[in-house]
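Working through the structure, step by step
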Amino acid sequence: MLIRRNRGWELREAAATPEAVFMERRALLKAMGFGALLIPGMTAAIASDAAEDAKDSTDPSAGLYPVKRNPHYKLDRPLTDPKYSEYYNNFYEFGSEKDIADAAQALKIRPWTIKIDGMVEKPLEIGIDDLLKKMPLEERLYRHRCVEAWSMAVPWSGFPMSAFLALAKPLSSAKYVRMETFLDASVASGQKQFWYPWPYVEGVTIAEAGNELAFMVTGMYGKPMPKQDGAPLRLVLPWKYGFKSIKSIVRVSFTDKQPVTFWQTVQGDEYGFWANVNPEVPHPRWSQETEREIGTDKRVPTLKWNGYGEFVAHLYDGLGNEKLFI
Ligand SMILES: Nc1nc2c(c(=O)[nH]1)N[C@H]1C(S)=C(S)[C@@H](COP(=O)(O)O)O[C@H]1N2
Ligand SMILES: [Mo]
């Protein structure tokens, strides 16, 4: 007799590819108006166009790196070898598998403009190289914990999101920051999967954005950001599940309404707005108690707030009725 035991991560790891297929079916059915109904045997196969070879020979920001490490942020484990962390990606714009690095080379990252709008003193558009000149670049070693129960430790280069807020000058009535990824199905064939709510959207509160850990990232391992990791500008929020760390940002808007995120739209009861890491709150379909370090495959306990509680736990005082950990 086959007994399906709920062994958390084992189930999760064993089901890595089916998970993506599962989500695609659900999202597709939802887009078609079938709600949560599952049709057995339905496939979500979509011919993915071969990525055009658009490799940039040089990145104009290459000379800026490496940047000085900020020693304030310490790791409890070795850095992940980049041959793993740079080639094990979640970037659904280029497909729902982990090996999207080749496909992501089709993304053109210059010129690249970031639009700043909504509740700000003055809307602004700024090119990535101008932004890089204005921002205080530094390197930080952070842990990264994906909701799928794998993790890595990465030297990111970038600038505190608080410096970006100082540039954007939100009005005091703004309560949230909403961020958007590029939209171009001609380079990102995943965006032809119409059942996903493109473009990818994420959001944080102004208080979260101003927290010292919130980091806007432009490079890793002492080099400009590889395209598959979200060049030329992504967010990194180490106390939250990885899906909050939106890649390849083109727009940052300030608002007084809680943004509805990409994953909330796809499956809101599994991927909420807050998504803070907590081993005690299981994902509806697997445990979050431990994580697999990519590269070593070591299984380690997951820490509440991914170990960053001293920096961020206070942000959530009085929000006990919210689903803070999903
Ligand atoms: N635009 C966009 N941003 C994204 C994603 C995505 O699919 N699209 N995936 C998220 C998830 S689930 C994770 S775990 C991280 C993965 O970052 P990495 O590929 O650099 O490890 O990116 C996040 N940012
Ligand atoms: Mo993730």
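Up top is the structure.
Keep in mind that this is a model prediction, so the values were computed, not measured.

What counts, and at which threshold
- Residues numbered from 1 in each chain as written.
- Chains lettered and ligands numbered in written order.
- Predicted model: local features only at pLDDT ≥ 70, side-chain atom pairs only at ≥ 80, totals over all residues.
- Heavy atoms only, no water.
- Phe/Tyr/Trp six-rings, centres within 6.5 Å; stacked < 30°, edge-to-face > 60°.
- Helix = DSSP H or I, 4+ residues; strand = E, 2+ residues; numbered from the N terminus.
- Buried < 20%, exposed > 50% of the residue type's maximum accessible area, 1.4 Å probe, protein only.
- Lys NZ or Arg CZ within 6 Å of the ring centre and 35° of its normal.
- Near = heavy atom within 4 Å.
- Polar contact = N/O pair within 3.5 Å; in protein donor to acceptor, adjacent residues only side chain to side chain.
- Areas by Shrake-Rupley, 256 points an atom, 1.4 Å probe, with all protein chains shown as cover.
- Nonpolar A, V, L, I, M, F, W, Y, C, P; charged D, E, K, R; others polar.

Across all of its chains, the model carries 27 aromatic pairs by this definition. Ring geometry for tyrosine 200 against phenylalanine 262: centres 4.8 Å apart, planes inclined by 25°, an arrangement best described as stacked. Within this pair, whereas tyrosine 200 is found in the loop between strand S5 (176-181) and strand S6 (201-205), its partner phenylalanine 262 is found in helix H8 (residues 262-267), the two being separated by 62 residues in sequence. Considered together, tyrosine 200 and phenylalanine 262 belong to a single accessibility category, that of buried residues. Arranged with centres 5.4 Å apart and planes meeting at 55°, the rings of tryptophan 263 and tyrosine 271 form a pair that is tilted. We note that tryptophan 263, like tyrosine 271, is buried. Chaining the aromatic ring pairs together yields one cluster made of Tyr92, Phe194, Trp195, Tyr196, Trp198, Tyr200, Phe243, Phe262, Trp263 and Tyr271. Here the basic side chain of arginine 140 rests over the ring of phenylalanine 215, its NZ or CZ set 4.4 Å away from the ring centre.

A few words now on the environment of serine 172. Positionally, serine 172 belongs in the loop between helix H6 (161-168) and S5. Judged by its relative accessible area of 75%, serine 172 is exposed. For the pair serine 172 and isoleucine 206, spaced 34 residues apart in the sequence, the C-alpha separation amounts to 9.7 Å.

Quick look at the site of ligand 1 now. Around ligand 1 sit 19 residues in total, of which Tyr92, Glu93, Asp229, Arg234 and Lys247 are the nearest. Within the side chain of glutamate 93, a nitrogen or oxygen atom sits 2.8 Å from a nitrogen atom of ligand 1. Contact with the protein chains hides 99% of the accessible area of ligand 1, taken as 530 Å² for the molecule alone. Its residues placed into classes, the shell around ligand 1 shows nine nonpolar, six polar and four charged.

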